[in-house]
Amino acid sequence: FGIINSVNALTTKTISAWISLSSNIAQPVRTIISNKIAGDNHGGFTLFVNEDNYLCFREVNKIWETSYAITALRLTHVAVTKVSSTLGTYPIIYVDGSLEAITGTAQDLFSYETGNSLIIGAEKEQSGADMVNSIFADVQDVRIYDDILTGAEISALEAEGAGGSGNLVGLIFQAPVVGTQELTY
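Residues numbered from 1 in each chain as written. Predicted model: local features only at pLDDT ≥ 70, side-chain atom pairs only at ≥ 80, totals over all residues. Heavy atoms only, no water.

As for its position among the elements, Thr66 is in strand 5 (residues 62–69). Apart from the residues lying within four places of it in its own chain, the contact partners of Thr66 are Tyr54, Leu55, Ile93, Glu100, Ala101 and Ile102. (Helix = DSSP H or I, 4+ residues; strand = E, 2+ residues; numbered from the N terminus. Contact = heavy atoms within 4.5 Å.)

See the structure below:
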């Protein structure tokens, strides 16, 4: 999607997406959405699935992991909220509308994002020439809000399915989407 100024340097954010992993391919990082350059520990964020199928969120050089394993071939709603401007903060991660426990350490650096490209399904390589850490999945209805959505708001997004029209307050980016009712698996 290139550089989308409205999503750069957000100090509070909610990221939401629907994913259906194509298979249980064991690779260290399968990126859902990122504005981070792979291997650069200074800025940006990445929402990804790790080699054990656990949902993870990375910001700067910190990684937080849920204990929830994403099931292949099942449409799953994932969301993360994060205040990046406050030291000692943790992301809040939801899967299918439910709050998930996380492991990881508190943020100790401010995450700069200005000028990083927003990429769905991969990360940009450090040289900038190639995409890496691709996800083999359907990724749908990616949304970024400039606010922290509540658990009730995230549950409502999950309940209405991909492509729903609810909760537009604070929405600053939404990728093209096909409604859940239009999908066949």
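In this section: the packing of aromatic side chains. This model, assessed by the stated rule, comprises two aromatic pairs. Aromatic side chains Phe45 and Phe57 sit 6.3 Å apart centroid to centroid with 20° between the ring planes, which places their arrangement in the stacked category. With a gap of 12 residues between them, Phe45 in strand 3 (residues 45–50) and Phe57 in strand 4 (residues 54–59) connect regions that are remote in the sequence. When its relative accessible area of 0% is taken as the criterion, Phe57 is described as buried. Both rings, one in Phe57 and one in Trp64, keep their centres 6.2 Å apart while their planes meet at 20°; by these two values the pair is stacked. A relative accessible area of 0% means that Trp64 is categorised as buried. One aromatic cluster is present, built from ring pairs that chain together Phe45, Phe57 and Trp64. (Phe/Tyr/Trp six-rings, centres within 6.5 Å; stacked < 30°, edge-to-face > 60°. Buried < 20%, exposed > 50% of the residue type's maximum accessible area, 1.4 Å probe, protein only.)

One finds Ile32, Ile33 and Leu47 to be the most contacted residues of the largest nonpolar core, which totals 24 residues. The element best represented in this core is strand 1 (residues 12–21), accounting for four residues. Ala79, Tyr94, Leu149 and Ile154 belong to the second-largest nonpolar core, a separate cluster that totals six residues. (Core = buried A, V, L, I, M, F, W, Y, C linked by side-chain atoms within 4.5 Å.)

Our focus in this paragraph is the pairing of strand 6 (residues 76–83). The buried fraction of strand 6 amounts to seven of the eight residues, a majority that puts the element mostly inside the structure. Pairing of strand 1 with strand 6, which is carried by eight bridges, proceeds in the antiparallel orientation. Following the sheet pairing, Ile15 is matched in strand 6 by Val80. Summarising the sheet, strand 6 and strand 7 (residues 92–95) pair through four bridges and their orientation is antiparallel. Along strand 7, the bridge assignment pairs Ala79 with Tyr94. (Pairing = 2+ DSSP bridges.)

Turning to the sheet that holds strand 9 (residues 102–103), a few remarks are in order. Ordered by their spatial adjacency, six strands build an open sheet running 9-5-4-3-2-10, and the pairing between neighbours is antiparallel. In this open sheet, the two edge strands, each paired with only one partner strand, are strand 9 and strand 10 (119–120). The pairing of strand 2 (residues 29–34) with strand 3 spans five bridges and is antiparallel. The residue of strand 3 that forms the bridge with Thr31 is Phe48.

Turning our attention to the sheet that holds strand 13 (residues 137–145). Reading across the sheet, the six strands line up as 8-7-6-1-13-14 and stay open at both edges, with antiparallel pairing between neighbours. Only two strands of the sheet have a single partner each, and these edge strands are strand 8 (98–100) and strand 14 (171–174). Each strand axis lies, on average, 20° off the axis of its neighbour in the sheet, ignoring direction. In this structure, strand 13 lies alongside strand 14, joined through three bridges in antiparallel fashion. Residue pairing across strands places Tyr145 opposite Leu171, the latter belonging to strand 14. Docked against the sheet, helix 1 (residues 151–160) engages strand 1, strand 6, strand 7 and strand 13, running at close to 155° with respect to strand 6. (Axes fitted to C-alpha atoms, helices over the stretch in contact; angles between N-to-C directions.)

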